[in-house]
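Reading the structure
So you can see what is in the structure, the chains are spelled out below.
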2 protein chains.
Amino acid sequence: MFIGEYSHNLDEKGRLAVPKKFRADLSKGAVVTRGLDNCLFLYTKIEWKKLADKLATLPFSQAKARAFARLMLAGAMDVGVDKQGRVMLPEYLRSFAGLKKQVVVAGLYNRLELWDQKNWEAYKTKSEKESENIAEDMFELGI
Amino acid sequence: MFIGEYSHNLDEKGRLAVPKKFRADLSKGAVVTRGLDNCLFLYTKIEWKKLADKLATLPFSQAKARAFARLMLAGAMDVGVDKQGRVMLPEYLRSFAGLKKQVVVAGLYNRLELWDQKNWEAYKTKSEKESENIAEDMFELGI
DNA sequence: TAGTAGTTCCCCACTTTTCCCCACGTACTT
DNA sequence: AAGTACGTGGGGAAAAGTGGGGAACTACTA
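Residues numbered from 1 in each chain as written. Chains lettered and ligands numbered in written order. Predicted model: local features only at pLDDT ≥ 70, side-chain atom pairs only at ≥ 80, totals over all residues.

1. Structural notes on the packing of helix 3 (residues 63-74) of chain A against helix 5 (residues 117-140) of chain B
For clarity, the cut-off: To get an axis, a line is fitted to the C-alpha atoms, and for a helix only the part in contact is used. The angle between two axes follows their N-to-C directions and goes from 0 to 180 degrees. We count a stretch as a helix when DSSP gives it H or I for four or more residues in a row; a strand needs E for two or more, and each element gets its number in order from the N terminus. Throughout, the term roughly parallel applies to angles under 35 degrees, roughly antiparallel to angles over 145, roughly perpendicular to angles from 65 to 115, and oblique to all others. Two helices crossing with the near one rotated counterclockwise from the far one by less than a right angle form a left-handed crossing, whereas a clockwise rotation gives a right-handed crossing. With C-beta atoms placed from the backbone, a contact is any residue pair whose C-beta atoms sit within 7 Å. Residues are grouped as follows: Ala, Val, Leu, Ile, Met, Phe, Trp, Tyr, Cys and Pro are nonpolar; Asp, Glu, Lys and Arg are charged; all remaining types, including Gly, are polar.
Where helix 3 of chain A contacts helix 5 of chain B, the axes come no closer than 9 Å and their chain directions differ by 110°. Here helix 5 of chain B runs roughly perpendicular to helix 3 of chain A, going by the angle between their axes. Once helix 3 of chain A is placed against helix 5 of chain B, the crossing between them reads as left-handed. Across the interface between the two elements, A:Lys64, A:Ala67, A:Phe68, A:Arg70 and A:Leu71 from helix 3 of chain A touch B:Ser127, B:Ser131, B:Ile134, B:Ala135, B:Asp137 and B:Met138 from helix 5 of chain B. Taken together, the residues of the contact of helix 3 of chain A with helix 5 of chain B sort by class into 6 nonpolar, 2 polar and 3 charged.

Have a look at this one:
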């Protein structure tokens, strides 16, 4: 299970170190893709497969379904973890998420999220302020 | 499974390099055809067969069904992958999709999509803006 | 029937990118 | 205070993409 918040630097080649704890899980294969709220999602191969199978069932005759599948599937990329425990993020994903140098790696149960530091801070302060309101809505979703 | 976004150049002879990863799957035979949103779809022979069988079940008494079947079936073309891993795209498909020099190859699970670079960028910016809305709709479809 | 033109396919060579490995620095631990 | 673990940076080898020359094949024409 992925939890926690880590800060790492992207190097000039677009590589990002993964926190040590998570490397074992990711070493068997990992997939990065476009996420929501301007971040990237990083899944293990197994978790990715589950998601991809769901996406594949969307009917391509529906414009919205096509758009969503294109964002997630075409946005996805197999990434290997090198001997130093880093993943290479393709340019189009870095620019999508606006990743500069400082990147926040956040654990969210079955995925990691990669955020540009600035965006993360902004998002967090916003959410913290609204947390009471947000919580109220969660009731409807069964929490 | 086809995933990812790649950028390749059409050469003067109308040939397009296929990303290395996908060549093994496509080497047994591939089919290109007209796609939706102004791109081309590229299937393996097996996946194409499944789609063609579905298209064949469409009632030809419906004008829209006829038009759709014509678009996809009559637009289809067997393509071989040469020893350098390239496919030859017939002129009528290149002009249909408005392919110039820079082409984006996008993996969408069971098919590849071929886009003119410009169109792809435009489509993507549009979808990214709407992605949160789209995502909420996807929830209803069980994602 | 043979010649010519147009295509398709194969191969060679160049360029660019990717990936792998080594080395350094910093921070934490013992 | 020294050793170890982890994050960071960069150099070099290998692989993948690209472009063009030339052979084989077809089709059309004289």
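What follows picks up the thread again.
2. What to know about the protein's contact with DNA strand D
Operational definition: By definition, a residue lies near a molecule or strand provided its backbone-derived C-beta atom is within 6 Å of it.
In the vicinity of DNA strand D lie 19 residues, with A:Asn9, A:Asp11, A:Gln84, B:His8 and B:Ala17 positioned nearest. Where the surface near DNA strand D is concerned, the elements lending two or more residues are strand 1 (2-9) of chain A together with strand 1 (2-9) of chain B. Its residues placed into classes, the surface near DNA strand D shows 4 nonpolar, 8 polar and 7 charged.

3. Observations concerning the interface of chain A and chain B
Buried accessible area, meaning the area lost when the parts come together, often serves as the stated size of an interface. Between chain A and chain B, the contact holds 20 residues from the first and 20 residues from the second. It is helix 3 of chain A that contributes the most residues to the side of chain A that touches chain B, 9 residues altogether. A breakdown of the residues in the side of chain A that touches chain B according to their chemical character gives 15 nonpolar, 1 polar and 4 charged.

4. Observations regarding helix 3 of chain A
Counted only if it meets this: Multiply 1.5 Å by the residue count of a helix minus one, and that product is the helix's expected span. With C-beta atoms placed from the backbone, a residue is labelled by how many other C-beta atoms lie within 10 Å of its own: buried for 20 or more, exposed for 12 or fewer, partly exposed between the two.
For helix 3 of chain A, spanning 12 residues, the distance from its first C-alpha to its last is 15 Å, which sits close to the expected 16 Å at 1.5 Å a residue. Buried within helix 3 of chain A are the following residues: A:Arg66, A:Ala67, A:Phe68, A:Ala69, A:Arg70, A:Leu71, A:Met72, A:Leu73 and A:Ala74. Looking at the buried side of helix 3 of chain A, the elements it contacts are strand 3 (30-34) and helix 2 (45-56) of chain A together with strand 1, strand 7 (102-109) and helix 5 of chain B.

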